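# Chain and residue survey
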Amino acid sequence: MTWGLEFGANPWLAALAAVCAAAGAAHLWLGRSAEPLILVLRGAASASLVLAMLSPSLSVSEPVVVKPRLVVLVDSGHSMQAPSGERMTRLAAAVSWLSKSRKAVEKRSETAVFALSDRARQLPGMGSVGGLAPSDAGFHATDAFLDAADALGRKGDRAWLLTDGNAVQSDGLETALARLGAPVDVLGVGPARRGRGAAFLDLKTPDFVFLHGRFPIEAQVEASGLAGERVRLALLKEEAWRKDARSPEGAGGSSWKPVESRRFAVASDYEVLSASFTATAESLGRERYRLVASPEASGKGRSSPKAQAVLRSPEGASSKPLAAREVGVEVIRQKYRVMYLSGRPSYGYASLREFMKADPNHELVSFVILRNPESYSFVPDNELSLIPFPAEEIFVRNLSQFDLFILENFSYRRFNLPAAYLNGLKGFVAAGGALLVIGGEQAFGTGGYKGTPLEELLPVTLASSSEDYVRAKFSPRPASVSHPLLGIYESQAASLAAWQGLPPLFGYAKFGSVKEGVSVLLEHPNEKTQTGQGLPVMALKSYGRGKVLVISTDSTWRWRLGAASDWKLSSFYGRFWTRVVQYLTGSLDLSKVKFAPVPDRIAPREPAVFTLRVFDENFRPALAAGLDLSVVWTGPDGRSAGVWAREGEPGAFSVELTGLKEGVHRLRASVRLNGKPWGEDQVRFAWQPAGAEPPMDRAFLERVAKAGGGRFVPLKAASAEELLGSLPPVRRDSRVSRRYFPWTSPYWLGLSLGLFFAEWALRRSRGYR
C-alpha cells in the first residue's frame, strides 16, 4: 500500500493560492514583533486557506495486474446459420471454440465481446456468447465495425473476428477497421470448398422496352465445384402454343424458344460467369424469358445430351439443370397510334387534331367527313379531289394497328355501314384497345346507334328518342377529382378549383340510363337520365381487356379558348386530353410506379434487394419531395409488414428483405404525390434456401486480415494459446484504490475560520490592532 498527495487545482486557482501564500508570508514578516503564539495562529490560518485553494487529496495505491484488452467480434449474420461441416451451424462452431478457449482467454486478457450483423451489439462477456442466435439480417461488415468502434470506448490491444466472410460488402472497410484501433486476427468459420452447382447472383433487364425494339439481358452466374468443366448459359423465350389443324384437340400452353447462348470454360473451384444477351420485344404486355445454366460435355465443345434437352423440352430446361431463372419484361409502345374519325369539320375536331399532332408521342391518322352521301355534286365522284370514305380500311383491315379509336359526332345511319364494322370495334376493345366516343348533333341516338353493337360497348344506354341532342350551355360537375382522369393538377383542391373555373360547354346528349359498374366522371348540373339518374357528360367503362370512354359533347375546345381570359387555365386543355389518351391506352398506370422486373425465383442469399421506380407526369424520374411511398411485404404465411424503401437515385428506391421463408412472397407499393394517389404496383416471387450454402469466403477474410494488420487462420486450425501470444504481456502496476479530500471539506474551512478568529481574539486581548 502506498500513500500519495495530489493537487487538483486548475492553473488559475493555483496562481491565486500562490499570491495568497506570498501575501501571508509578507504579513508575517511585517508583524514579526508580535507574540510567537499570535504569529503561529496567523501562519496556520493562512496555510490552511492556501492549502484548501490547491484542492489537495490523499490517495492510497495498491499493486494490480494489468491484462491487455482483447476485442472479440462474432459474426451472427444470416449466413452463420449454415452448416459448418461439423454437424453444427457455423455460429455454433464459433461459439463452441470460444467456450473451450474461455478460461485461457480470461486468464490472459480483459475482453470486450460484440455480436455483429447489420450492426454491432455488445455482450456482457465471454460467458454470454452461448446464447447467440443467427440474425435475420446479413453481416454488413463496414457498418458493424464502425458500430463496435463507437461502443468500444477504450481501444483494445488486439481483436479477433470469427466469421465465414459472407458479408454484405461496401466501401470504407479499411477505414472502419482502422477505427477499431487494434490489429485484427480473422478466424474463418465454415467449409473451405463449395458443393458442385450454380446459382444466379444477378439478373438485369430494362424497366420497360418498346415494341419491336432490341434490349439487353445481363446475368451473373456463380459456378462452384465445376473446375475443368464447360458450362452453357442459354436465354430462352416463352411462346404460346397455337391451336390449329396440326395441334391435337385441346392442345395449348407454352414452349420455350432459344434466343442466344454463351459457353464458358470454368478454370477454378469458384467463378462468377457474366453474360449479356440481346432479345427483341415482339408483343405488347409482359414477355417472359428463362435463363438456364447447364453442363456440357468436356473436350469437343458440343453440348451433352442433357444440355441439348434444355432447348428441346417444353419447359426449357433438362431434368437437372445447374440453375434456371425466369424473368418478365414489360413491353410498351413507343408512340400511341390513334385513329380519329370525325363526322364533320368542327372547332372541336380542329382543336383536338392540332393538339394530338403536336405531341411527338402520338402517331395520328385522322379522317373527317367533308361530303355526306346525300350531298349533291355537279361532277362525277371520280373527278372530285376528296377521297371516298375508307370504311373497310378503318373498321376492318387496319383497326388492330391502333391503340385508341376516336369516334366523334359520326352518323352510323347516314353511311348505312354493316353491323360487322361495329362488331369489329367490339373485338378491338375486348382485345385491349381503347374507344373514345365524342358526342355531337350526329352521335348516339341521332346517329342511329340505338340497338347496335356499339350501344353494348357504351357505359350508357341510349335514349328512346332519336332526337337526343340538346343545344344549350352548361358547366359539367366533376363527380370526384380523386379519379386519375379528373385529378389534372398536383392537389385535389387545385384540380377542383380548375374544374369550377372553366368556361361553360355547349350541347350535350341525353341518355336512357347508366349501366351497372360504370364510373361517371362528369355530370350535368341539372339534367337526369330517363331512369332518374344524374345525366353523365363523361362516363367510363371497361370491356374485356380494353376501356370505353363517352364524352357527350364536342365543345371541349371552349376550355382551350378559356385560357385566354384566365392564365391559370392555360394548361388545362392539354393536361386533360393527355390524361385521357394515357389512361385509355393504359400508360397512365403503367409507367408511374413500377417495380423493376425480378426473377421468379430469387437467388438464395440475403438481403434480397428489389428496385422500385417512380415517374412524374412527364415520365421522368420523380423527385422525393412530395412523395409518400408505402411498401408492404406479404410472406408465404399470409402475414404482412411494412418495409422501408431507400432512395438511391432520383425516382429509384431500393427495398431490402431479410428473414425470407421458403415459398411465394409479394411486395406491394403504393405512392401518393403531393397528397394525391399516384399509382401502385406489386411483384410476386418465390424464394427457397440454397441447396448448398456458400463456403467460407477466404478472399474476403484475407482482405480483412491484411487491412486490419492481423492474420487469417481457419477456425479448425486456430489455437487460442498461439493467438493469445500476440497480445502484449501482462504487467504489474499500481492502481488508486481510495482517495481522501480532507482539505476541501466544510470542516477544514471551519478550522481555517476558527484559526483566523482565534488569532484576532488573542491580538485584541493583548492590545494589538
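Residues numbered from 1 in each chain as written. Predicted model: local features only at pLDDT ≥ 70, side-chain atom pairs only at ≥ 80, totals over all residues. Heavy atoms only, no water.

Our focus in this paragraph is the overall build of the chain. For the chain, the count of helices and strands is 18 helices and 40 strands. A total of 769 residues make up the chain; the buried ones form 46% of that total. Considering only contacts within the chain whose residues lie at least 6 apart along the sequence, 75% involve residues at least 24 apart. Just so you have it, the chain exposes about 37700 Å², and 53% of that area is on carbon and sulfur atoms. (Helix = DSSP H or I, 4+ residues; strand = E, 2+ residues; numbered from the N terminus. Buried < 20%, exposed > 50% of the residue type's maximum accessible area, 1.4 Å probe, protein only. Contact = heavy atoms within 4.5 Å. Areas by Shrake-Rupley, 256 points an atom, 1.4 Å probe, with all protein chains shown as cover.)

For Asn409, which is not glycine, the phi dihedral falls at a positive 45°. Examined against the element boundaries, Asn409 turns out to sit in the loop between strand S20 (404-408) and helix H9 (412-415). Phi is positive for Phe444, close to 55°, though the residue is something other than glycine. In this structure, Phe444 sits in the loop between strand S21 (434-438) and helix H11 (453-457).

A word on the sheet that holds strand S5 (residues 120-123). Strand pairing in a sheet is mediated by backbone hydrogen bonds. Such pairs are either parallel or antiparallel. An order of S5-S4-S3-S7-S9-S39 is seen for the six strands of this open sheet, with the pairing classed as mixed. Each of the sheet's edge strands pairs with one partner strand only, and the pair in question is S5 and strand S39 (709-714). Strand-to-strand twist across the sheet, computed as the mean angle between neighbouring axes with direction ignored, equals 20°. In the sheet, strand S3 (residues 69-75) pairs with strand S7 (residues 158-163) via five bridges, with the strands oriented parallel. (Pairing = 2+ DSSP bridges. Axes fitted to C-alpha atoms, helices over the stretch in contact; angles between N-to-C directions.)

This part is about the sheet that holds strand S24 (residues 477-478). Within the open sheet, the eight strands sit side by side as S19-S18-S20-S21-S29-S28-S27-S24. Their pairing is mixed. The sheet is open, and its two borders are formed by strand S19 (362-368) and S24, each paired with just one other strand. Pairing between strand S28 (residues 534-543) and strand S29 (residues 546-551): six bridges, direction antiparallel. Looking at the pairing, Leu540 lines up with Leu549 of S29. Sitting on the sheet, helix H7 (residues 347-358) is in contact with strand S18 (336-342), S19, S20 and S21, with an inclination near 155° to S19.

Our next topic: the packing of aromatic side chains. Counted by the stated rule, this structure contains 17 aromatic pairs. Relative to Phe145, the ring of Phe139 has its centre 6.1 Å away and its plane inclined at 85°; by these criteria the two rings are edge-to-face. Among the residues examined, Phe145 registers a relative accessible area of 0% and is labelled buried. An aromatic cluster of three or more residues is present, and its members are Trp499, Trp559, Phe572, Phe576 and Trp577. Residue placement shows Arg337 over the ring face of Phe402; its charged tip is 4.9 Å from the ring centre. (Phe/Tyr/Trp six-rings, centres within 6.5 Å; stacked < 30°, edge-to-face > 60°. Lys NZ or Arg CZ within 6 Å of the ring centre and 35° of its normal.)

Let us now look at the nonpolar core. Core analysis: the biggest nonpolar cluster contains 76 residues, and Phe405, Leu436, Trp499, Leu549, Phe576 and Trp577 have the highest contact counts within it. Non-local contacts of Leu436, meaning those with residues more than four positions away in its chain, are made with Leu404, Phe405, Ile406, Leu407, Leu549, Ile551, Trp577, Val580 and Leu584. (Core = buried A, V, L, I, M, F, W, Y, C linked by side-chain atoms within 4.5 Å.)

Moving on: the confidence of the model for the chain. Looking at the chain, pLDDT values average 81 and 86% of them are 70 or higher. Counting interchain partners and residues more than four positions distant, the pLDDT-below-50 stretch residues 374-379 has four contacts. Taken together, the stretch residues 383-387 has pLDDT below 50 and engages in six contacts with residues farther than four places along the chain or on a different chain. (pLDDT = per-residue confidence, 0-100.)

For the pair helix H2 (residues 36-53) and helix H18 (residues 746-765), interaxial distance at closest approach is 9 Å and the crossing angle is 155°. Relative to H18, the element H2 lies roughly antiparallel. In terms of crossing hand, the pair formed by H2 and H18 is left-handed. Along the contact surface, H2 presents Leu37, Ile38, Leu41, Arg42, Ala44, Ala45, Ser46, Ser48, Leu49, Leu51 and Ala52, while H18 presents Trp748, Ser752, Leu755, Phe756, Ala758, Glu759, Leu762 and Arg763. Considered class by class, the residues forming the contact of H2 with H18 number 13 nonpolar, three polar and three charged. (Parallel < 35°, antiparallel > 145°, perpendicular 65-115°, else oblique. Left-handed = near helix turned anticlockwise from the far one by under 90°. Nonpolar A, V, L, I, M, F, W, Y, C, P; charged D, E, K, R; others polar.)

Take Glu271: it is sitting in strand S15 (residues 270-280). With 49 residues separating them along the chain, Glu271 and Glu222 place their C-alpha atoms 6.0 Å apart. Not counting residues within four places of it along the chain, the set of residues in contact with Glu271 comprises Val221, Glu222, Ala223, Ala265 and Val266. Within the local environment of Glu271, its side chain forms a polar contact with the backbone nitrogen of Ser268, the two atoms lying 3.1 Å apart. (Polar contact = N/O pair within 3.5 Å; in protein donor to acceptor, adjacent residues only side chain to side chain.)

A few words on helix H3 (residues 90-108). Over its 19 residues, H3 runs 26 Å from end to end, which matches the ideal 27 Å to within 8%, given 1.5 Å per residue. Along H3, the largest kink reaches about 55° and is centred on Arg102. The complete set of buried residues in H3 reads Arg90, Leu91, Ala93, Ala94, Val95, Trp97, Leu98, Ser101 and Val105. (Expected span 1.5 Å × (residues − 1). Bend = angle between axes of the 7 residues up to and from the residue.)

Close approach of charged atoms allows side chains with opposite charge to pair. This structure, assessed with the given rule, holds 29 salt bridges. Taking the shortest distance from any N to any O, the salt bridge between Arg344 and Glu441 comes out at 3.2 Å. Here Arg344, found in the loop between S18 and H7, pairs with Glu441, found in the loop between S21 and H11; they are 97 residues apart in sequence, far enough to count as distant. Of the charged contacts, one joins Glu455 and Lys450 as a salt bridge, the two residues approaching to 3.5 Å between their closest N and O atoms. The network of salt bridges with shared partners includes Glu238, Arg288, Arg290 and Glu326. (Salt bridge = Lys/Arg side-chain N within 4 Å of Asp/Glu carboxyl O.)

Below, the discussion takes up the packing of helix H1 (residues 11-30) against H2. Axis separation between H1 and H2 bottoms out at 9 Å; the angle between their running directions is 175°. Here H2 runs roughly antiparallel to H1, going by the angle between their axes. Residues Leu13, Leu16, Ala17, Cys20, Ala21, Gly24, His27 and Leu28 of H1 pack against Leu39, Arg42, Gly43, Ser46, Val50 and Met53 of H2. Counted by class, the contact of H1 with H2 contains nine nonpolar, four polar and one charged residues.

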